[in-house]
Each structure stands twice: as structure tokens, then as C-alpha cells.
Amino acid sequence: MSPFDPRGKVNRALLVGVSEYDVRKPTPHGVPGDLPAVRHNLDRLKEVLPGGRVFGAHEVTVLRSPYQHDFQRALRTAAGEAEGLLLVYFAGHGAVPSAANELFLQMRGAEVYRGRQDSVFPGAEMFTTVLTMLDASRAERIVVVLDCCYAGNAAFIWEQFPDRRRVLLLMSVQANHRIDAGDEGTPTPFTKELAELLGSQGDLTFGGLSERLRDRMRAAGLRTVRGEEWEPLSRTEPQEDVLLSAPPVRVVAPPDTESLDGRSGPHREESERPPGGNTPKPRRISLAPALLRRSLRALGAWFAGLRVVSRIALVLLALATLGLGSYGLSALRTGGSSCAPPLELRVLTDPDLEPTVTAAADAYLTSGDNTDGDGCRRSGITVYSAGAADAVNALRRQTEVWKEPHDEDTNPQRDIGPQPDVWIPASPADVARVTAGQDTDNVARLEAAEQPLAYSPIVLAVPDDIAVEPLGERTGQPLPTLLKQLKARAEQSQVRRPDPEFADAALLATLGLYGTGTDPARAERQVAQAGPPSRTAADLLCTLPDDTGVDARTAALVPEFLLKTGVGCDGTTRSPRTAEYPDDVPGVEATFVRVRWDDADRDGGERDRAAERFRAWLGGDGGRAVFARDGFRSASHGRELLDAQDVAHGVLRDPSPLTEAAGRQAMEWALDRYRGANGPGRVLYLLDNSGSMSGLWDGPSGGPGLLKQSLGGLGGDDEYGVWGVSGTGGKRPYEELLGFGRHARKDAERAVDRAKVRDAEADPHAALLAALDHMRGRGLDDDRPQLVVYVTDDEDDTRLTGGNLDDVLARARSAKVPVTMVSLVSGGCDRGKPDARISAASGGRCLDADDDLGAGLTDEVARTGTGED
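What counts and how
- Residues numbered from 1 in each chain as written.
- Predicted model: local features only at pLDDT ≥ 70, side-chain atom pairs only at ≥ 80, totals over all residues.
- Heavy atoms only, no water.
- Helix = DSSP H or I, 4+ residues; strand = E, 2+ residues; numbered from the N terminus.
- Buried < 20%, exposed > 50% of the residue type's maximum accessible area, 1.4 Å probe, protein only.
- Contact = heavy atoms within 4.5 Å.
- Pairing = 2+ DSSP bridges.
- Axes fitted to C-alpha atoms, helices over the stretch in contact; angles between N-to-C directions.
- Salt bridge = Lys/Arg side-chain N within 4 Å of Asp/Glu carboxyl O.
- pLDDT = per-residue confidence, 0-100.
- Parallel < 35°, antiparallel > 145°, perpendicular 65-115°, else oblique.
- Left-handed = near helix turned anticlockwise from the far one by under 90°.
- Nonpolar A, V, L, I, M, F, W, Y, C, P; charged D, E, K, R; others polar.
- Polar contact = N/O pair within 3.5 Å; in protein donor to acceptor, adjacent residues only side chain to side chain.
- Arc of directions from axis to C-beta.
- Disulfide = S-S within 2.5 Å.
- Core = buried A, V, L, I, M, F, W, Y, C linked by side-chain atoms within 4.5 Å.

Novice: So, the overall build of the protein chain: which residues are in play, and what are the values?
Specialist: When its secondary structure is counted, the protein chain shows 28 helices and 33 strands. Going through the 869 residues of the protein chain one by one, you find that 52% of them count as buried. Long-range contacts, defined here as pairs at least 24 residues apart, represent 75% of the contacts in the protein chain between residues at least 6 apart.

In C-alpha cells, the structure reads:
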């Protein structure tokens, strides 16, 4: 079958290279580093692509180190303009979560957050999103080329994609492999070979390119970071191929053919002939009046400083170029290429709402409400989410540093995202929480819409096999009663709830869980689980099918709409569930909030109009249709399903009565009691200050820096202390750097700052035994949460072998005090290593340099402490 030949069509090539990153190691959450070689990748490809006669120079767009929203905008533009071949190339850092079923392309603002169960990459673009956006293009063929670590993981995503016939995928390396970027003065190894092949003379198809690339990489003897043979991969549907490069075809124009310079055939030079056999005749371009007006306005601004005679000459030349009385450029045939970049709205939302809000934004972008009379988009939209408690705290107390971060400890731009133009929390109570406690020097103003966008009750989603059968018993009762009835029906049943600090739906569920006069510690025992809670309700429903036995007996406190939208977990099937509707749990109410920032009025009027158009669309038929598709209810008093014709399994059409919105004080009350449910916590830090730590001591990612970051998870009622563990001599295998007790954070930080590296070795065996005995003794008379943290470079692990290691493991099991081992080197938590075995034996967590140490340690300490006052 002949390959698709795109010559003579409207083609586009988008070359994206991220060589500079804002957040790099050793900064917490940073990517490995900049990639200078990627700059050469873009230069080389931009040079060779037009020589292949498929892409004109004007059809190649280069995007250097873009942020995520810039990348999305460029991708939408290229996808919208391409009609023949669309080529999208990406070079930069790639990342995969623990499940390795997604590939994240890390843009300039990318960060890395590694949790106990999975990882997230703010500022990076999911490859699934890229494919979905490309699927909207009219292009007949789409070629995607990835030059990044883990590029081969895109193959799995491509294979799951419904319409992959016209998408041809080329990946620089096999799945789950990292690669070296090579010399910073040359292109990366893969793109160097790619550019050489594309720049060679002769026909080159996608299939031929893929095969020759593999041969050349094999011949070069290149290896991945893991030491295995470096092998590029490709994916296409059978019989699909496309021409990427072709030599020029020379013909002499016949005598009656008019040349582009107006001369007749006999005097015309040889020219290139596109496929089809006919020499193209020049075409005039018919410019729409609106396009003409925009063009003249732009030209007028440009010529304003020129003298009169020069301006007249240049205007005539410009008019000729635009096709008024002369021949124009084919690039102007489409209206999209003449549209100015639209204003970008930044929309921050609750993590549980993010999929729906993103879907709504995507639908709005292409709607008539977001299109002007010339067919151009009025605005773009970037949707992102952050922990609900973090978002409230940042808008209440950190707006000034959000606008201009001053230090590593407090940086909302890093931890949450860019300053939002719009905030869509899951409860209007969040707005009251912000405005009631805002600092006097805040620089953000909130304006909430009067009516929420949509509503979803919080339900107890019970597996069908243990659900209540009579219809009446599914409504009209408080949550504690529903939990008692569940336990009576199925003694082995469990209940789980996501993290109340991360998503509002979980905090709303906590309101009902604690009830009136209920002891929070007792209530928390009803939803206790091993390890940290899932961050969102979707994450919770996604993890349950990992163990079918647990899934079949576990009820989940989640928003009702998730029983319709399900979860995005590949290869899992969860137990079908029936919704029970507690009458004391407020529901999710997505609320549109305009956020205005002081001294941000340069485009304030236009930004206000863009936000208002989006709000009106969300509240109208367009937004209503998206919320209906995802299983939401009306925000009006009736609370009817927005799509009454499609009722999800286990959902009641009219489960009245439904609880009204939560209040500010109730939300704050529940969060405060959640943080202190088991009383103040106790944390004992062991800081390795032996001589080998000298190179891992300074800066935010050094031992003391990581320790100080984690202090944010401790409050005024928590007790903690710090031991230095090196060369102490005498009877104690430690030196007390900070006495155990309650401390102001600044005092604790000063004590840690005074710690020095000592020219001595550490004894982790003796130090861990002493720490476990110390904490076990303090916890004899209460159930307060406790934690031991050991920060080390593992240099002295020779003292954690044989009988010494057995002693520590036995003590860790008996003391029942979790130990978080923090290794500042890569591989410290590999299976079988002492750090991994000790943390597992104690029920704690192991973190090493391959993790995001700052975020991981802070999360562990925060689960023990009550949080900052």
C-alpha cells in the first residue's frame, strides 16, 4: 500500500523542546536539571524539515521551553490548522507515576511530587491529553515523535487510544528506561540521528525512518542509564505509513504556463512540482473584510514611526503581499493563522472537581461563546488543582508571597500553581473561610457567584452484596446510624474516606463522621487504614480493586457523581456500589469565584470580560450539559439530576431530603478536630551529622534543610526533639540538639541551624534502638501518634548488618512506633536494603533521593502532628 503523500496540502510541524526548567534538583520537587542539548535539537530540525519538501518554512513552528499552558495553546493551534500532515515533536524530561501507565511530558514549570502510593507532576502534560487534543485535528495523518526518558511508555497509552489509525508514534527509547542527553554542545543522541536521516536526500517514509533509526542507534552501541541496549520504538496501525521527506522533482514549464514572476514559459526557470503531475497555477487570495481590517491595524502600528514616503512604499508592498492586486501567500488561506494569541485564564479548582472542570473548559474553548466574529478564540483556559486546605490557606494568608515568593519554605507558585483568575472550590464555605480570616495585607480579592454551578451529595457507597435492600433505609438517617447498620449486616465490612485536607468532599464527609458530640478519635478509628488516606475520592475508588476481597467489603465516603463517572484506572474493575444518603453530610457545591489581584490591571478589563463569559457559559446550557454528563445535580433547591434520563447504577433519582450547604465554622471545626483527632503528636528526629554528610548538609535539600521543611507539619501542642547521631562517645549514642518538648518553630529551626558536621562516624544500630525505646516509653499511657525520623546518607550502614540489623527489626516490630527512614542517596530504599526493611518492620515509610524528599517527609510528619498554629 502506498504511503500517504501530504505534499501540496496544508501541513504543520510543531517542534517543542524544553531545555530550561524553573524548578531543578536539589530544590525540593525539582526535575533532574536543564537540558542544553535540546536547544540544538530544535535548531537542527528547523533547518532540515523544510528541505524535505513536505513542510514549508512557514509551516514549521518552534516552541522553546514553554510552560504547560503555552504548550497547550500551540498544540491547539497546530492541530486546528493542519489538514494534511501534522508532526508534533517533543524533547525534554519525561516522567512516569508508580503505576507506569501514563507518561508526563515535563514543561518548563514542571515539578515532581512523589507520594507513598503514586507520584504527581504539576506543570507537566499527560500524553493521554496530547493524544486527545490531537484527535480533534482535521489532519489526515499525525506523527508524534518523543525524545525523552520513558518515551516508550507512550506505546501503552497509544494502544489504548480509540482512534489511533491516523496517529503514527515514534519513541526515542523503550518503556521504563531513562536516557542520557549527551553532550550539551550537540543535539541529543536520538535527535542527532533523526535529523541526519530527515536531512538526507531521497524518499523517506515513517516506516523507513523508524527502521533506519533503530539500525543506526544499534550500530552506535548506545546504552540506556540502566545499561541495556538503547532501542527506539514505533507504533502504527497495519498498512499505515506517511511520506516525511522527498527529493525535488524538476520539470520545465510548458510555453503557455505563466510563471510566478509574470514571464511566459520559454523564459521560465525550472521549478519544483508537487504530487499530482500538474504545475500549480498561482492563486489570488480572497481576504475577508475582517482579516483585512486586522491586518491594516497591525500594519498601521508598525509603520507609525516611518517617514511618509517610506510608509507609502511599504504599505503598497504589504498590500501586495496580502493579495490586494497581486499574488499572496498560501499561508494566509486559513483564518486561524491570522488570529492573535488569546488571553489565558488560569482556573484553580478542587482535586475532585478537576476532571469535570477540565472537560467543561475544553468544551467552552471551541464553543461559539468563546469565538469572535472573525472565527478567533477570545480566551484560552488552563485548569489545575491543589489541596483544598492549601488553597484556602494560600488565599487567606499567603497572597503576597504567592504574587512574589521570597523563600523556599513558602512558595504558593511552586506548591499550588500560578495566581488564579478563577477559583472553583467544592463548597461556598471555602470562600467564607478565606474572607473571614484574610490577612490585612492580602493582595487578592474574591467575588463569588450567587448560585453554585452544580451539586453532588456525599454518599456512603456500599458494595451491592452488603448494601441495604429496602429503599427507605437508604435515606433520611445520619451517617453514624448508616455505619452501625452496615456493621450489623456485614461484621467484616470496612469504611474508607479520602484525605480531608486535600479535597473538600472528604472534609464534608468528616462533618457527618464526627456528628454531634462524637469523639473524633473514635470516629477516625472507624475509617482507619494502613498507610496514608487516598488524596481524592477517585483515587480511593481506584485503589480498592487492587485487592478484590477488600473491595467487596469496603464502603467509601465519596461524592455521588463518581458512581457515574467511575475511575480512570486501566485494567481494574471495582465492585458495583449502592449509594446510601446520610442526612447530616453537606454536599459538594462547585462555586465560581473570580479572583482579582492588586496591581494586575494591565489587562484587567479584558480578563474580567473573559472570566464573566466563562462563568455565564458554565451556568448556562453548555456547562450544564458537561456537569450532567458527569452525574451532577442541580444546585437549586430541587437538587434534581441534571441528566434525569441517565441515572447511574446505585443512584436514587430523588433521594430527598438532601443536606444544605456547609457553613464556614462547621468546616473549620471539622478540619481542626481531624488534625487533632488523636491528640498532639510526638516526633523524634535522628540527624546523621557524621563526616560523610558534609556534602549533603547545606541548602534546602540537605539534611538540616529537609528537617526544617517538615516542621511545618507540627503545631504548638506537638512534642518533638532532634538528636545528632555521630561520634558521641560515652553511654549515649546521640547528642541532644533540641530537647524533647513543645517548641516555637523559629526556636527549633535555630537549634537545627547550630548543628555541625562532626569528624566522626554514626552508629545507626545503637541510635535507632535508643530512639525506639525512648518513644515507646513516652507512649505507654496514651494513644497519641508517634514517629521516629532518621535522616542519613547510609554511609555507616555497615553497622546495620547481621545481628545488629536483626536487633533493630525486632525492636521496630515490638515498639509499634513508625520509623521514616530518609536516605539522601539514590537506591537507599531498594528492596532488601536496611532502610527499607526497618521502615517496613515498623509500619513506617522509606524515602530516598529518587523520591521527592521534601514533600514526602513533610507529609509523614504532618500525619503525626496537628499542623501549624
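Novice: Provide a residue-level description of the pairing of strand β28 (residues 682–687), including the pertinent values.
Specialist: Of all six residues in β28, six are buried; the element is thus mostly enclosed. Where burial is concerned, the two faces of β28 agree: the one with Arg682, Leu684 and Leu686 and the one with Val683, Tyr685 and Leu687 are both buried. Looking at chain direction, β28 and strand β29 (residues 719–724) are connected through six bridges and run parallel. Each residue of the ladder has a partner; that of Val683, found in β29, is Tyr720.

Novice: Give a description of the sheet that holds strand β27 (residues 593–597) that names residues and reports values.
Specialist: If you trace the five strands from one edge of the open sheet to the other, you get β17-β16-β18-β27-β19, paired in mixed fashion. Where the open sheet ends on each side, the last strands, each with one partner, are β17 (379–385) and β19 (444–448). Averaged over all neighbouring strand pairs, the angle between strand axes comes to 25°, with direction disregarded. Two elements, strand β16 (residues 343–349) and strand β18 (residues 422–424), share three bridges in a ladder whose sense is parallel. Within the sheet, the bridge partner assigned to Leu348 lies in β18 and is Trp423. Relative to β17, helix α2 (residues 68–81) is tilted by about 135°, and along the sheet it contacts β16 and β17. Along the sheet face, helix α10 (residues 388–397) touches β16, β18, β19 and β27 and points at about 140° away from the line of β18.

Novice: Now, about the pattern of salt bridges: what can you tell me, with residues and values included?
Specialist: Scanning the model with the defined rule gives 53 salt bridges in all. In this structure, the salt-bridge partner of Lys403 is Asp599, at a minimum N-O distance of 3.5 Å. Of this pair, Lys403 sits in helix α11 (residues 399–403) while Asp599 sits in the loop between β27 and α20 (604–619), placing them 196 residues apart in sequence. Its salt-bridge partner being Asp430, residue Arg433 comes within 2.9 Å of it at the nearest N-O pair. On the criterion of helical spacing, the pair formed by Arg433 and Asp430 is a turn pair, its members being three residues apart in helix α13 (residues 429–437). For Arg433, a relative accessible area of 2% corresponds to the buried category. We classify Asp430 as buried; its relative accessible area is 1%. Via salt bridges that share partners, Lys192, Glu193, Glu196 and Arg216 belong to a single interconnected network.

Novice: Any details on the sheet that holds strand β8 (residues 124–126)? Residues and values, ideally.
Specialist: Strand order in this open sheet of three strands is β4-β5-β8, and the pairing throughout is antiparallel. Edge positions in the open sheet fall to β4 (94–95) and β8, since each of these has one partner strand only. Inspection of the sheet shows β4 paired to strand β5 (residues 104–106) by two bridges, in the antiparallel sense. The partner of Ala95 across the bridge, within β5, is Phe104.

Novice: Lay out the confidence of the model for the protein chain with the relevant residues and their values.
Specialist: Of the residues in the protein chain, 86% have a pLDDT of 70 or more, and the chain-wide mean is 83. Within the protein chain, no element has a lower average pLDDT than strand β15 (residues 271–272), which sits at 34, and none a higher one than β18, at 98. The low-confidence segment residues 249–337, where pLDDT is below 50, has 81 contacts with residues more than four positions distant or belonging to other chains.

Novice: Give a detailed account of the packing of α2 against helix α3 (residues 127–135), specifying residues and quantitative values.
Specialist: The description of two helices packed together rests on the angle between their axes and the distance between the axes. Axis separation between α2 and α3 bottoms out at 9 Å; the angle between their running directions is 30°. The angle between the axes of α2 and α3 places the two elements in the roughly parallel class. Crossing geometry of α2 relative to α3 is assigned as right-handed. For the pair α2 and α3, contact is made by Phe71, Gln72, Leu75, Arg76 and Ala79 and by Val130, Met133 and Leu134, respectively. Here the residues of the contact of α2 with α3 sort into six nonpolar, one polar and one charged.

Novice: Got a sec to walk through the environment of Asp372? Specific residues and values, please.
Specialist: Structurally, Asp372 is set in the loop between α9 (354–365) and β17. By relative accessible area, Asp372 is classed as partly exposed at 29%. Among the polar contacts listed, one links the side chain of Asp372 to the backbone nitrogen of Asp374, at a separation of 2.9 Å.

Novice: How would you explain α3 if you had to name every residue and give the values?
Specialist: When we look at burial in α3, the residues that qualify are Phe127, Val130, Leu131, Met133 and Leu134. Considered in projection along α3, the buried side chains sweep an arc of 165° and stay on one side of the axis.

Novice: Describe in detail the state of the cysteines, supporting the description with residues and values.
Specialist: Following the criterion strictly, the structure yields one disulfide and no others. Lacking any disulfide linkage, Cys148 is separated from the closest cysteine sulfur, that of Cys149, by 7.1 Å.

Novice: Can you explain the side chain of Arg682? Please cite residues and give values.
Specialist: Structurally, Arg682 is set in strand β28. On the accessibility criterion, Arg682 (5% relative accessible area) is buried. Dropping the residues within four chain positions of it, Arg682 is found in contact with Glu719, Phe740, Met775, Arg778, Gly779, Asp782, Arg784, Pro785, Gln786, Leu787 and Thr864.

Novice: Requested: an account of the nonpolar core, with residues and values cited.
Specialist: With 82 residues, the main nonpolar core has Phe127, Leu146 and Leu194 as its most contacted residues. Apart from residues no more than four positions distant in its own chain, Phe127 is found in contact with Glu102, Leu103, Val144, Leu146, Ala154, Ile157 and Leu169. Core analysis: the next-biggest nonpolar cluster, separate from the first, contains 79 residues, Val347, Ala389, Val495 and Ala505 among them.

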